[in-house]
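# Observations on the three-dimensional arrangement
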Amino acid sequence: MPGSDYADLTPEDVQEATRTLVRLTRYIRSNPDANDLLPYLVPLVDKYDGAVVRLSQTLAEVNSYFYGKPELAGGDELDYFWGVYSDASEFLLKYNELDWQLNAVHSELERLAAAPSQQAGSTA
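Remember, it's a predicted structure, so these values are computed and weren't measured experimentally. (Residues numbered from 1 in each chain as written. Predicted model: local features only at pLDDT ≥ 70, side-chain atom pairs only at ≥ 80, totals over all residues. Heavy atoms only, no water.)

### Re the environment of isoleucine 28
Put simply, the test is: Only runs of H or I of at least four residues qualify as helices and only runs of E of at least two qualify as strands under DSSP, and these elements are numbered from the N terminus. What makes two residues a contact is simply this: any of their non-hydrogen atoms within 4.5 Å.
Along the chain, isoleucine 28 turns up in helix α1 (residues 11–29). Considered as a pair, isoleucine 28 and leucine 41 are 13 residues apart in the sequence and their alpha carbons are 10.0 Å apart. If we ignore the near neighbours within four places in the chain, the residues touching isoleucine 28 are Leu37 and Leu41.

Here you go:
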């Protein structure tokens, strides 16, 4: 479909997204400062547009796509396949509140950052 946002989508695009997640994982393993890490996590877990939500939607669409193919209907292996994709999609959607947790982490980091200055001000 010309003009659609997926018209020029390639398997390499999906691979690049996966490589980006691998890079993010390596970055997290490097033990960065929490304040430096938070900006990377926001787009990952955003409740409406984050990678977790988008992956859940993609898995649900894969499930719907194959489930809607009558020529593939009725095999135990395919029933299992549909169940696995559906379960994975639902599992990820359970974590659509991860962004709220980031708010709590951000608030705690701000509190900790303010604590030394408050202590220094109270001793003077």
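### Considering the nonpolar core
One recurring pattern in soluble globular proteins: nonpolar side chains tend to sit buried together. Here is the rule we go by: Think of a nonpolar core as a cluster: buried Ala, Val, Leu, Ile, Met, Phe, Trp, Tyr and Cys residues, connected wherever their side-chain atoms sit within 4.5 Å. The rule is simple: take the accessible area with a 1.4 Å probe, protein chains only, and divide by the maximum for that residue type; under 20% is buried, over 50% is exposed, in between is partly exposed.
One finds Leu37, Leu38, Leu41, Val45, Val52, Leu59, Leu92, Leu102 and Leu109 forming the largest nonpolar core, which totals 9 residues. At the level of elements, α2 (34–45), α3 (51–67) and α5 (98–123) are the ones that each hand at least two residues to this core. The dominant element in this core, judged by the number of residues it contributes, is α2, at 4 residues. In this view, leucine 38 contacts Leu102, Val105, His106 and Leu109; residues no more than four positions away in its chain are not counted.

### Regarding a nonpolar patch on the surface
Our working rule: Residues qualify for a patch when their relative accessible area is over 30% and they have no salt bridge, like charges being joined within 9 Å and the nonpolar side chains of Val, Leu, Ile, Met, Phe, Trp and Tyr within 5 Å. Here the accessible surface of atoms and residues is derived via Shrake-Rupley with a 1.4 Å probe, and residues count as covered only by protein chains that are part of the display. The salt bridge definition used is simple: a Lys or Arg side-chain nitrogen within 4 Å of an Asp or Glu carboxyl oxygen.
A cluster of nonpolar side chains, Tyr6, Leu9 and Val14, forms an exposed patch at the surface whose accessible area comes to about 320 Å². Here leucine 9 is to be found in the segment before α1.

### Examining the layout of surface pockets
Which entries qualify depends on this criterion: Any residue with an atom within 4 Å of a point lines the site, the site being either a cavity, points on a 1 Å grid over the protein atoms alone where a 1.4 Å probe fits but cannot get out, or a pocket, an open set with protein on both sides within 12 Å along at least 5 of 7 lines. Grid points are joined across faces, edges and corners, and a volume is the space filled by probe spheres set on the points. Think of it as three bins: nonpolar holds Ala, Val, Leu, Ile, Met, Phe, Trp, Tyr, Cys and Pro, charged holds Asp, Glu, Lys and Arg, and polar takes everything else, Gly as well.
For the largest pocket, the calculated volume is near 610 Å³. In terms of lining, the largest pocket is formed by 16 residues, of which the most central are Val14, Ala17, Arg54, Leu55 and Thr58. Elements supplying a minimum of two residues to the lining of the largest pocket: α1 and α3. Considering each element in turn, the lining of the largest pocket owes the most residues, 8 residues, to α3. Residue classes in the lining of the largest pocket are distributed as 10 nonpolar, 3 polar and 3 charged.

### Focus on the side chain of asparagine 63
In this fold, asparagine 63 is placed in helix α3. Not counting residues up to four positions away in its chain, the partners in contact with asparagine 63 are Trp82, Tyr85 and Ser86.

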